[in-house]
Amino acid sequence: MNATQLIKMANQIGAFFASQPNPAQARADFAVHLKKQWDPQMRVALYAHIDATAGEGLSAFALEAMRDQRAEIEPVAKSA
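Note that this is a predicted model, so its numbers are computed, not measured. (Residues numbered from 1 in each chain as written. Predicted model: local features only at pLDDT ≥ 70, side-chain atom pairs only at ≥ 80, totals over all residues. Heavy atoms only, no water.)

1. Overview of the packing of helix H1 (residues 3-18) against helix H2 (residues 23-37)
So, step 1. In the contact formed by H1 and H2, the axes pass within 9 Å of each other and the chain directions differ by 140°. Taken together, the axis directions place H1 and H2 in an arrangement best described as oblique. The two elements H1 and H2 cross, and the hand of that crossing is right-handed. Where H1 abuts H2, its residues Ala10, Ile13, Gly14 and Phe17 lie against Ala26, Asp29, Phe30, His33 and Leu34.
So, step 2. For the contact of H1 with H2, the residue count by class is six nonpolar, two polar and one charged. (Axes fitted to C-alpha atoms, helices over the stretch in contact; angles between N-to-C directions. Helix = DSSP H or I, 4+ residues; strand = E, 2+ residues; numbered from the N terminus. Parallel < 35°, antiparallel > 145°, perpendicular 65-115°, else oblique. Left-handed = near helix turned anticlockwise from the far one by under 90°. Contact = heavy atoms within 4.5 Å. Nonpolar A, V, L, I, M, F, W, Y, C, P; charged D, E, K, R; others polar.)

Okay, structure coming up:
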């Protein structure tokens, strides 16, 4: 899956959670959703895009949530 598709999906999910009344809880809920529903490779690819482009194309909410909740969303690399 390419970055354009991931950005579009993250923005759509972010739009839903951004409408919640508590911003901190909305970011946490966004993180839980991505961790449960997205394949680890998708999350790794989106963070690679964020690191390479400073999050170009992501909504302000999605980017802030991805940065704020990185420890919760980003898959942990498995040691050999």
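2. Remarks on the nonpolar core
As a rule of thumb, nonpolar side chains are buried together in soluble globular proteins.
So, step 1. Within the largest apolar cluster, 21 residues are counted, with the highest numbers of intra-cluster contacts made by Phe30, Trp38, Leu46, Leu58 and Met66.
So, step 2. Among the elements of the structure, H1, H2, helix H3 (40-53) and helix H4 (60-68) are those that each provide at least two residues to this core.
So, step 3. When near neighbours in sequence (up to four residues on either side) are disregarded, Leu46 contacts Leu6, Ile7, Ala10, Trp38, Leu58 and Met66. (Core = buried A, V, L, I, M, F, W, Y, C linked by side-chain atoms within 4.5 Å. Buried < 20%, exposed > 50% of the residue type's maximum accessible area, 1.4 Å probe, protein only.)

3. Overview of the pattern of salt bridges
So, step 1. Evaluated as defined, the whole model comprises four salt bridges.
So, step 2. Note that Arg27 and Glu64 form a salt bridge whose closest N and O atoms lie 3.5 Å from each other. Of the two residues, Arg27 is situated in helix H2 and Glu64 in helix H4; the sequence distance between them amounts to 37 residues.
So, step 3. The partly exposed category is assigned to Glu64, whose relative accessible area is 44%. (Salt bridge = Lys/Arg side-chain N within 4 Å of Asp/Glu carboxyl O.)

4. A short note on unusual backbone geometry
So, step 1. Look at Ala54: it is not a glycine, yet its phi comes out positive at around 65°.
So, step 2. Looking at where Ala54 falls in the secondary structure, it is placed in the loop between H3 and H4.

5. Some details on the confidence of the model for the chain
Regions with low pLDDT carry predicted coordinates that are not meant to be interpreted in detail.
So, step 1. Residues at a pLDDT of 70 or more form 95% of the chain, whose mean pLDDT is 94.
So, step 2. At the low end of the mean pLDDT range in the chain sits helix H5 (residues 70-73), at 95; at the high end sits H1, at 98. (pLDDT = per-residue confidence, 0-100.)

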